[in-house]
Amino acid sequence: MSAELAAILATVVTVGVGLAGLNIALWRDMRAEVRGVEASLRAEDTELRADIRAVRAAIDADRIAHEALHAAERQARAEERRELLAAIAAIREGTP
């Protein structure tokens, strides 16, 4: 093998090894970046799920309060109706 061919072969091997090392380094950086993005997405997912649970709890609390308000209104109307019926009955009997 001539000296020139040996030098060319050594250069090709050196460049190949350098490119392989660069490829590995870039691949590792990319993996680390992907892991970071995945972790960020998991954190966001956890936060969004917590927000959804909080909104659902608030909706449930509002619904319960709304139902309680309607129950109180029904109760007040029933009491007013009883009072009115009692007043009408008293008027019919002639006692104010």
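Here the structure is a predicted model, which is why all the values come from computation and not from measurement. Residue numbering note: each chain is counted from 1, following its sequence as written. Only residues with pLDDT of at least 70 are given local features in this predicted model, and only at 80 or more are side-chain atom pairs given and counted; all residues enter the totals for whole chains, interfaces and linings. Only hydrogens and water are removed before side-chain values are computed, so all heavy atoms of the structure are retained for them.

Novice: Honestly, the overall build of the chain in this entry has me stumped. Any pointers?
Specialist: Secondary structure follows DSSP: runs of H or I at least 4 residues long count as helices, runs of E at least 2 residues long count as strands, and numbering of each begins at the N terminus. Of the regular secondary structure elements, the chain holds one helix and zero strands. Over its C-alpha atoms the chain spans a radius of gyration of 41 Å, topping by over 25% the 12 Å that the globule rule assigns to 96 residues. Across its three principal axes, the chain shows a C-alpha extent of roughly 135 × 10 × 10 Å. With 96 residues in all, the chain has 0% of them scored as buried. Areas reported as accessible are Shrake-Rupley estimates using a 1.4 Å probe. Residue values count occlusion only from the protein chains shown. For the chain, the accessible area works out to roughly 8600 Å², and carbon and sulfur atoms hold 64% of it. Charge convention: Lys and Arg are scored as positive, Asp and Glu as negative, and His as well as the terminal groups of each chain are ignored. One atom stands in for each charge, and that atom is NZ of Lys, CZ of Arg, CG of Asp or CD of Glu. Separation of charge centres in the chain, based on 13 positive and 16 negative side chains, amounts to 7 Å. Each radius of gyration is computed over the set of C-alpha atoms, and the globule rule expresses the reference value as 2.2 Å times the number of residues to the power 0.38. In this scheme, a residue with accessible area under 20% of its type's maximum is buried, one over 50% is exposed, and one in between is partly exposed, where area comes from a 1.4 Å probe on protein chains only.

Novice: What exactly am I supposed to notice about a nonpolar patch on the surface here?
Specialist: Where nonpolar side chains cluster on the molecular surface, the patch consists of Val15, Leu19, Leu22 and Leu26 and spans about 370 Å² of accessible area. Considering the arrangement of structural elements, one finds leucine 26 in helix α1 (residues 3-93). Grouping into patches uses exposed residues only, defined as over 30% relative accessible area, and leaves out salt-bridged ones; the cut-off is 9 Å for like charges and 5 Å for nonpolar side chains (Val, Leu, Ile, Met, Phe, Trp, Tyr). Salt bridge criterion: a side-chain nitrogen from Lys or Arg within 4 Å of a carboxyl oxygen from Asp or Glu.

Novice: Can you walk me through α1 in this structure?
Specialist: Three- or four-residue spacings in an α-helix give side chains the same orientation, since the helix completes a turn every 3.6 residues. An ideal rise of 1.5 Å per residue puts 135 Å on 91 residues; α1 measures up with 133 Å between its terminal C-alpha atoms. Phi turns positive, to about 90°, at glycine 94, one or two residues after α1. In a helix, the anticipated span is given by 1.5 Å times the number of residues less one.

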